[in-house]
Amino acid sequence: MKKKEETVSAVYQHDVLEFVTVAVQFCAYLESAEQKQPREFVDTMLRLLPLLYLKGTLLPGFEMSEEVELRDFVTEENYDIVRGNIAALMGKRDDFLDVFVEDMKYSDTPILATVSENLADIYQDLKNFALNYREEHEPTMREALAEVKDNFEHYWGQRCVNVMRALHDVRYGEEDLDDEAD
């Protein structure tokens, strides 16, 4: 008797499920940022962001569909709360100079960016992805994966590496991270 071959749907592949797991952990951690100390927060971000980036590179490609409409779950208020909590936690360490922005091509001066806004931008994409994926409707899951992969390649992947550079400087720079954030 031949064994019936079971094929796992692409939305349940190992690499996809690992990405979903890391994305959910990342979002949950940012949602509780106000309860963290600066050193703990920076150390955790320096572990989660590279893992998130790696898992993003391993996502399979999915075709975008015009038949499925994804929902935006993250409101402007949710975004502002996450961003504000991170900004308060980071204090004066929130600002950094970013050279990998489109506007830099037309400017002689560095562009100021913030850890809080970069992390909140990544959060928004990943939270919307995770909540759409959670719907357990395969066409919606495929569309959410296609969108998060496209956004990784064109948007939040670059933000991820930019903010890692800034957080690395905060963690291993001259200032003591245990000093209270202003």
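Just above sits the structure.
Worth saying up front: this structure is predicted, and the values here are computed from it rather than measured.

**What about the overall build of the protein?**
Now for step 1: Check the secondary structure of the protein and you find 5 helices and 2 strands.
Now for step 2: The N-to-C order of helical and strand elements in the protein reads α-α-α-β-β-α-α.
Now for step 3: Looking at the protein as a whole, 45% of its 182 residues qualify as buried.
Now for step 4: Taking the intrachain contacts of the protein between residues at least 6 apart in sequence as the baseline, contacts between residues at least 24 apart amount to 77%.

**Describing the packing of helix α2 (residues 38-57) against helix α4 (residues 115-133)**
Now for step 1: Axis separation between α2 and α4 bottoms out at 13 Å; the angle between their running directions is 50 degrees. In terms of orientation, α2 lies oblique with respect to α4. Here α2 and α4 pass one another in a crossing that is left-handed. Taking contact as the criterion, the partners of F41, M45, L49 and L52 in α2 are, on α4, L119, I122 and L126.
Now for step 2: Here the residues of the contact of α2 with α4 sort into 7 nonpolar, no polar and no charged.

**Describing the nonpolar core**
Now for step 1: In this structure, F26, F41, M45, L49, L119 and L126 are the most contacted members of the largest nonpolar core, which totals 53 residues.
Now for step 2: Mapped by element, the contributors of at least two residues to this core are α1 (14-31), α2, α3 (76-90), α4 and α5 (138-172).
Now for step 3: Among the elements that line this core, the one with the most residues is α5, at 13 residues.
Now for step 4: Filtering out sequence-adjacent residues up to four positions away, F26 remains in contact with M45, L48, L49, L52, L119, I122, Y123 and L126.

**Observations concerning the side chain of T140**
Now for step 1: For T140, the location among the structural elements is in helix α5.
Now for step 2: Owing to a relative accessible area of 9%, T140 belongs among the buried residues under this scheme.
Now for step 3: A polar atom in the side chain of T140 sits 2.8 Å from the side chain of H137.
Now for step 4: In contact with T140, not counting residues within four places along its chain, are V68, L70, N132 and E135.

Conventions used here
Residues numbered from 1 in each chain as written. Predicted model: local features only at pLDDT ≥ 70, side-chain atom pairs only at ≥ 80, totals over all residues. Heavy atoms only, no water. Helix = DSSP H or I, 4+ residues; strand = E, 2+ residues; numbered from the N terminus. Buried < 20%, exposed > 50% of the residue type's maximum accessible area, 1.4 Å probe, protein only. Contact = heavy atoms within 4.5 Å. Axes fitted to C-alpha atoms, helices over the stretch in contact; angles between N-to-C directions. Parallel < 35°, antiparallel > 145°, perpendicular 65-115°, else oblique. Left-handed = near helix turned anticlockwise from the far one by under 90°. Nonpolar A, V, L, I, M, F, W, Y, C, P; charged D, E, K, R; others polar. Core = buried A, V, L, I, M, F, W, Y, C linked by side-chain atoms within 4.5 Å. Polar contact = N/O pair within 3.5 Å; in protein donor to acceptor, adjacent residues only side chain to side chain.

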